[in-house]
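Chain by chain, the residues run as shown.
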Amino acid sequence: MSSLLAAASFDVPTIEYGQLSPMLIIFGVAVLSLLVEAFAPRGSRRPIQLVLVFAGLAAAFAAVVMIRGTQHIAAMGSVAVDGPALFMQGAILVLAFIAALVMAERQVDPLGDAFAPRASALPGSTDEIAFTRLGWLQTEVWPLFLFSVGGMLLFPASADLLTMFVALEVVSLPLYIMAGLARRRRLLSQEAALKYFVLGAFSSAFFLYGTALFYGYAGSVDLSAISDALTANAGSMWLVITATGLVSVGLLFKIGAVPFHQWTPDVYQGSPTPVTGFMAACTKIAAFGALLRIMYVALGGIRWDWRPMMYVIAALTMIVGTLFALTQTDMKRMLAYSSIAQAGFMLVGVIATNQAGLSGTMVYLVAYGIATIGAFAIVTLVRDSTGEASHLSQWAGLGRKAPIVASAFALFLLAFAGIPLTSGFTGKFAVFTAGIAGGATPVVIIGLVASAVAAFFYVRVIVLMFFNEPTSDDGVSVVVPSGFTTLAITISVALTLVIGLVPQLILDLANQAGLFIR
Amino acid sequence: MGEVYLPILVLGILGAAFAVFSVAAPSIIGPRRYNRARLDAYECGIDPTPQPIGGGRFPIKYYLTAMLFIVFDIEIVFLYPFAVAFDQLRLFGLIEMAVFIVTVLAVYAYVWRRGGLEWD
Amino acid sequence: MSPFSGALAPAAGEISANVAHGTFTQMWLLIALPLAGAAILLLLGRRTNTWGHWVGVLMSAGSFAIAVSIFLAMRQESGGNRAFTQHLFQWISVGSFQVPFDLRIDQLSMVFVLLITGVGTLIHIYSVGYMSHDHERRRFFGYLNLFVAAMLLLVLADNYLLLYVGWEGVGLASYLLIGFWFYKETAAVAAKKAFVVNRVGDVGLSIAVMLMFVTFGSVTFEGVLGSAPKASQTSLTLIGLALLLAACGKSAQFPLQSWLLDAMEGPTPVSALIHAATMVTAGVYLIARSNAIFNAAPTAQTAVIVIGAITLIMGAIIGCAKDDIKKALAGSTMSQIGYMVLAAGLGPIGYVFAIFHLLTHGFFKATMFLGAGSVMHGMNDQVNMRRFGALRTVMVLTTITFFAGYLAILGIPPFAGFYSKDKIIESAFAHSTLVGLVTLVGAAITAFYMTRLVAMTFLGRARWPDDAHPHESPAMMMVPVSILAVLSAVSGFLLIHDNWIVNWLEPVVGFEEPVLGFNVNILQYGTLALVLVSAALGYVLYARRPVPEVAPVGSFLTQAARADLYGDEVNEAVFMRPGQYLTRLLVWFDNRVVDGAVNGTAALIGGLSGRARRTQNGFARSYALTMLGGAALVIAALVLVRL
């Protein structure tokens with residue numbers, strides 16, 4: 001028995017704590033935040049949580065800056081700490097910071113904040129009414145938020161499929177709960193949470209099944225080992241192809257690509273709006289990071305096999321997202337379909353499979369993320385007596401009521417539309433030129449046409465805000481927020497302008513990030 | 001190549017056969033006496049929870065207990081191999097296990113403070 | 001040296017340029033002044049209501065003054081040395097992708113800058129009078145300044161990406177100005193239409209820019225045009241066609257012409273400045289600027305000629321049937337730009353004359369549009385020519401100035417159009433007899449519809465509505481019109497005198513003398529005779545005979561022309577109908593399948609509804625089914641590729 005153990009002796013694993021520090025900081029803070037929920041008295045929880053969250057995000061960002069330039073596969077081959085991973089981690093942390101500012105807002109809703117006083121109460125029940133009347137405010141969204149951010153940091157840095165799966169779940173599980181926390185329209189919110197959970201679990205199963213098949217093929221779940229096996233052409237090609245399809249489905253679900261997009265409008269609409277902004281911006285970066293890593297590192301060798309499939313998905317995503325957005329009458333649903341269309345544009349960068357495609361997609365993700373959080377932050381401000389006034393008709397004449405807020409929203413919409421001199425143009429141009437250089441010209445042309453059509457519904461909203469008379473006495477007003485949301489919108493506006501006018505800064509950063517480490 | 005998978009195949013067949021047998025056998029050989037108690041859902045011998053029209057709520061305590069069990073069960077799964085290879089892992093193992101246990105303890109503390117361990 | 005080198009040397013223009021010095025370093029101010037004006041007027045808002053319009057005029061005039069000083073300085077330089085660039089800052093620089101924010105002024109941009117700022121300033125002044133009763137006048141001037149700035153950026157850009165920014169900018173300004181009276185349903189619809197059609201053209205330009213980057217690794221004029229001869233024929237043809245698509249959208253060429261007629265819903269000064277003199281000619285600028293690409297891509301050139309020829313005939317026919325004075329002029333604009341596009345398609349024998357005609361057209365068409373504005377001003381904004389007639393008796397100055405424009409467009413010597421249009425007809429005949437005949441027919445129809453227009457408006461008997469009291473417009477409006485009228489009369493001769501315009505533009509766009517197989521004089525006299533006969537016919541039909549106040553049914557052709565030659569119907573059948581059906585299908589799909597959540601909202605507000613919850617569960621199930629189907633398709637697609 002003892003000889004058997006001796007024979008099974010192994011190398012002591014090593015963990016590069018320094019290189020993993022951004023994730024360790026966030027997860028550490030998340031655990032602390034959980035303990036605050038458990039032990040701190042109710043009244044003091046909010047200040048402690050806010051300090052923890054913002055300090056934690058700032059410290060993690062500082063850690064990312066400190067370890068910039070690292071090119072190493074850490075934690076025994078599980079976590080790739082390389083340029084693109086660090087770029088995306090930095091971007092997620094900055095965007096999470098802005099999103100957290102919007103979540104921390106407590107002034108726009110007269111009943112408190114955006115979150116339910118007790119999410120487990122039956123919607124419309126006497127319990128719920130009682131809790132609302134008591135003025136209960138919960139802070140449990142913060143540990144959930146931090147765990148999700150931690151998962152997002154790990155997701156694009158995962159160097160093997162199992163780590164990636166764990167990261168996927170760590171990202172998703174808190175989001176499922178956060179989607180159900182909305183204070184207003186509880187039923188819609190709970191429905192969103194349940195739908196997101198059921199469908200998310202379904203897509204995770206696809207991912208896991210694909211992972212298993214990859215293991216069957218390559219004998220490993222390491223991305224580089226899969227790539228090596230493909231080079232050596234070992235085993236059945238059908239296995240790889242099926243595995244590729246299944247893993248792609250899992251990730252395409254997360255980025256909201258057609259035909260795995262149907263959850264997006266429902267969930268975006270039902271979730272508390274600050275959470276929607278966070279989800280739309282940060283999840284997209286993390287999931288695209290993971291998709292790019294798999295497609296570039298593990299499956300780069302068989303790109304001729306998966307590119308036609310991606311062509312179709314990208315084209316469908318752009319077309320369906322754009323066409324459905326045209327018919328929407330609800331602002332949050334319109335933004336949801338717009339985010340689907342944007343995902344299609346970003347997929348062009350994935351298809352390009354070249355350095356420019358990688359950096360272009362990353363720039364696009366950042367530009368889109370900032371504008372998205374800003375846009376959803378503004379959606380929280382336009383309210384009537386029942387909560388957010390998200391029907392498009394209620395936005396008519398907003399330019400008269402609140403010119404500054406409407407102008408900021410117009411800026412974000414122009415950025416979505418990719419009008420030159422805004423951040424969106426920088427991103428679109430980067431992705432589309434990479435696409436043409438990568439030989440995906442037909443998809444790029446579809447993308448250009450789709451973005452031309454998309455510009456129409458973005459500009460339609462601008463026209464609605466500035467050129468239409470407000471419906472008289474609809475009770476819609478723009479609430480003056482506290483410093484939190486004001487700061488979030490200001491940062492978003494400033495970054496959108498900077499990326500549009502001086503794209504150099506972000507393009508350089510993305511370019512220096514280089515390629516994925518193998 | 002194929003014989004490697006043979007045990008899996010056999011296991012699968014056995015599993016399927018057992019499932020089919022368990023469902024089929026009672027209906028073939030068992031007595032057919034139906035009454036109210038027999039048609040009720042099986043819930044550990046206690047009276048089934050009343051279900052209001054339109055779907056009611058199920059006490060979450062059952063799930064909570066089950067989940068807590070899994071948390072500590074998993075802890076054992078990790079602790080056992082650690083104990084076996086304790087000396088090879090040296091300081092690294094000690095640190096990692098400490099981190100692991102502290103994390104589980106934090107969750108435990110949360111459950112405890114939030115009343116998750118109180119039955120009523 | 002090959003003995004043939006002289007004969008075979010490409011006649012394309014030079015693209016190299018000097019770094020700006022002295023007066024030329026002020027070129028950024030050309031754009032900055034009107035941009036500052038727009039910012040002041042639009043950001044400060046109502047506070048500037050009382051004096052804002054003068055800021056607009058001042059900024060435009062200041063820009064014109066700088067343009068003149070640069071022009072004078074440029075004349076001091078030698079012919080091949082007149083192009084200057086100014087580096088403002090590095091816009092984008094990533095690896096091989098370099099886009100500097102550079103401006104470039106050369107002989108080609110110079111004439112555009114003078115046209116834009118000169119005519120622009122006159123129209124600004126005119127608008128002070130024309131818009132005096134509009135309480136939103138300040139906003140109007142803000143948009144007008146924005147337009148001038150964007151248009152100057154378009155012609156001063158030193159790379160295609162920056163040009164694209166200006167291109168989008170003028171599109172935005174045009175959209176805002178067409179929809180200026182957005183409370184009018186027709187204006188709002190027209191603005192939307194212009195926006196959508198223009199976006200189609202913009203897609204062409206963005207495709208062209210991306211193809212350029214992929215082909216040449218650069219988007220600067222020097223990088224693209226300098227190495228154009230080395231690129232493959234296919235790439236050049238594709239780039240050329242994409243540029244042509246862009247030009248069609250912006251310059252209202254077939255098949256993207258339909259928005260221009262509707263754009264007349266905007267205030268008349270806008271029609272004069274944007275939809276006659278400047279913005280709609282941006283397509284011609286684009287083709288002339290990209291001459292190196294088109295010279296090396298004969299297929300694309302042929303396409304340019306065909307598009308120009310179709311539009312020139314089409315616009316002229318539409319002009320014959322319109323009773324709305326502005327729409328008749330808009331048809332004429334389409335037709336005249338068709339001339340320019342056709343000339344630009346002829347290659348080095350045509351570029352110079354395309355620009356020449358562009359300038360004279362800018363003057364005489366602006367004169368006529370502003371004249372039409374003056375008529376409308378006096379007739380309570382009536383636009384139906386069947387309710388005009390005999391206005392010469394009450395609006396003398398308007399009549400005189402309008403006639404200057406009229407004679408110019410007909411090409412009666414010595415008015416401007418005579419020189420510029422004849423040159424295009426000559427070049428067209430030098431290219432091929434067929435193309436030449438098209439331009440000749442176009443000239444004849446032009447004479448007819450323009451005579452019809454002036455006859456119905458100024459001659460014949462008065463058919464005024466009872467409440468109309470036509471009167472001459474104030475000096476604020478008539479002074480700019482008079483200046484433009486003088487330019488319509490003399491600019492042609494001044495520009496072609498001593499071959500000035502040819503010598504001036506040749507270094508940039510290249511030039512080859514058109515060679516005719518017969519005597520030029522025969523062509524000139526023949527054209528003139530045809531034009532006179534055609535005009536006489538128009539005079540007999542519309543001035544000597546009474547004009548019915550309600551339009552007669554008319555022949556098949558008249559009806560077709562009144563309906564814009566069914567341009568809208570064709571667009572509708574090809575693009576809109578399927579689009580509408582698709583939208584309807586989507587709405588249905590959205591309501592039935594996706595929008596359950598929204599339908600659930602009603603139930604939610606009323607309280608709990610078991611039914612709503614049941615349906616919602618169903619939806620998640622159907623989503624999952626779609627996902628499963630999608631996954632199957634993804635794998636099937638992968639397998640298919642493998643097979």
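This report concerns the structure included in the present document. Bear in mind that the values here come from a model prediction, so they are computed numbers and not experimental data.

A look at the overall build of chain C
Next up, step 1: When helices and strands are tallied, chain C shows 26 helices and 3 strands.
Next up, step 2: In chain C, buried positions account for 61% of the 643 residues.
Next up, step 3: Partitioning the contacts of chain C with sequence separation of at least 6, the portion at a separation of at least 24 is 82%.
Next up, step 4: Split by element, the accessible area of chain C, about 23,600 Å² in all, is 66% carbon and sulfur.

Observations concerning the nonpolar core
Next up, step 1: Grouped together as the largest cluster of nonpolar side chains are 419 residues, with contacts concentrated most on F145, F278 and L347 of chain A.
Next up, step 2: Every residue in contact with F278 of chain A, bar those within four places of it in the chain, is listed here: A96, A99, M103, F145, S148, V149, M152, L175, M178 and T283 of chain A.
Next up, step 3: Grouped together as the second largest cluster of nonpolar side chains are 5 residues, F82, L89, F92 and M97 of chain B included.

Topic: the packing of helix α4 (residues 83–103) of chain A against helix α20 (residues 483–501) of chain A
Residue and element names in this part refer to chain A.
Next up, step 1: Between α4 and α20, the least distance of the axes is 7 Å, while the angle of their chain directions is 150 degrees. When the axis of α4 is compared with that of α20, the two are roughly antiparallel. With respect to the hand of their crossing, α4 and α20 are arranged in left-handed fashion. The residues of α20 that touch α4, namely those facing I98, L101 and V102, are F484, T485, L487, A488, I491, S492 and L495.
Next up, step 2: Taken together, the residues that form the contact of α4 with α20 break down as 8 nonpolar, 2 polar and no charged.

Overview of the environment of L291 of chain A
All names here are of chain A.
Next up, step 1: Mapped onto the elements, L291 comes out in helix α12 (residues 273–298).
Next up, step 2: Look at L291 and you get buried, because its relative accessible area is 0%.
Next up, step 3: Sequence separation between L291 and S248 is 43 residues; the distance between their C-alpha atoms is 7.5 Å.
Next up, step 4: If we skip the residues at most four places from it in the chain, L291 touches L251, L252, I255, M310, L347 and V350.

Brief notes about the packing of aromatic side chains
Next up, step 1: By the definition in use, this model includes 44 aromatic pairs over all chains.
Next up, step 2: Note on Y160 of chain C and F221 of chain C: the rings are 4.9 Å apart at their centroids and 80 degrees apart in plane angle, and the pair reads as edge-to-face. Within this pair, whereas Y160 of chain C is found in helix α6 (residues 160–178), its partner F221 of chain C is found in helix α8 (residues 221–226), the two being separated by 61 residues in sequence.
Next up, step 3: Among the residues examined, Y160 of chain C registers a relative accessible area of 0% and is labelled buried.
Next up, step 4: On the basis of relative accessibility, which here comes to 0%, the residue F221 of chain C falls in the buried class.
Next up, step 5: By the ring-pair criterion, three or more aromatic residues cluster together here, those being Y176, Y196, F197, F253, W263, Y268 and F376 of chain A.

Observations regarding the interface of chain C and chain A
Accessible area lost upon the coming together of the parts is a frequently used measure of interface size.
Next up, step 1: Residue-level contacts link 62 residues of chain C with 69 residues of chain A.
Next up, step 2: Overall, the association of chain C and chain A removes approximately 5,800 Å² of surface from exposure, summing both partners, and the carbon and sulfur fraction of that is 79%.
Next up, step 3: Run the count over chain C and chain A and you get 0 salt bridges.
Next up, step 4: At the junction of chain C and chain A, the tally comes to 2 residue pairs in polar contact (both at pLDDT 80 or more).
Next up, step 5: Breaking the side of chain C that touches chain A down by element, the ones donating at least two residues are β2 (84–94), α5 (137–156), α6, α7 (185–216), α24 (567–594), α25 (596–606) and α26 (610–642) of chain C.
Next up, step 6: With 20 residues, the top contributor of residues to the side of chain C that touches chain A is α26 of chain C.
Next up, step 7: Residue composition of the side of chain C that touches chain A, by class: 44 nonpolar, 10 polar and 8 charged.

Some points on the side chain of R104 of chain C
Residue and element names in this part refer to chain C.
Next up, step 1: Mapped onto the elements of the fold, R104 is located in strand β3 (residues 97–105).
Next up, step 2: According to the relative accessible area criterion, R104 is buried, its value standing at 1%.
Next up, step 3: Separated by 3.2 Å, the side chains of R104 and D158 make a polar contact.

A few points about the environment of D467 of chain C
Residues and elements named next belong to chain C.
Next up, step 1: Assignment of secondary structure puts D467 in the loop between α19 (433–458) and α20 (475–496).
Next up, step 2: Assessed through its relative accessible area of 52%, D467 is described here as exposed.
Next up, step 3: Residues D467 and V224, 243 residues apart in the sequence, show an inter-C-alpha distance of 60 Å.

Quick notes on the rules
Residues numbered from 1 in each chain as written. Chains lettered and ligands numbered in written order. Predicted model: local features only at pLDDT ≥ 70, side-chain atom pairs only at ≥ 80, totals over all residues. Heavy atoms only, no water. Helix = DSSP H or I, 4+ residues; strand = E, 2+ residues; numbered from the N terminus. Buried < 20%, exposed > 50% of the residue type's maximum accessible area, 1.4 Å probe, protein only. Contact = heavy atoms within 4.5 Å. Areas by Shrake-Rupley, 256 points an atom, 1.4 Å probe, with all protein chains shown as cover. Core = buried A, V, L, I, M, F, W, Y, C linked by side-chain atoms within 4.5 Å. Axes fitted to C-alpha atoms, helices over the stretch in contact; angles between N-to-C directions. Parallel < 35°, antiparallel > 145°, perpendicular 65-115°, else oblique. Left-handed = near helix turned anticlockwise from the far one by under 90°. Nonpolar A, V, L, I, M, F, W, Y, C, P; charged D, E, K, R; others polar. Phe/Tyr/Trp six-rings, centres within 6.5 Å; stacked < 30°, edge-to-face > 60°. Buried area = accessible area lost by both parts, 1.4 Å probe. Salt bridge = Lys/Arg side-chain N within 4 Å of Asp/Glu carboxyl O. Polar contact = N/O pair within 3.5 Å; in protein donor to acceptor, adjacent residues only side chain to side chain.

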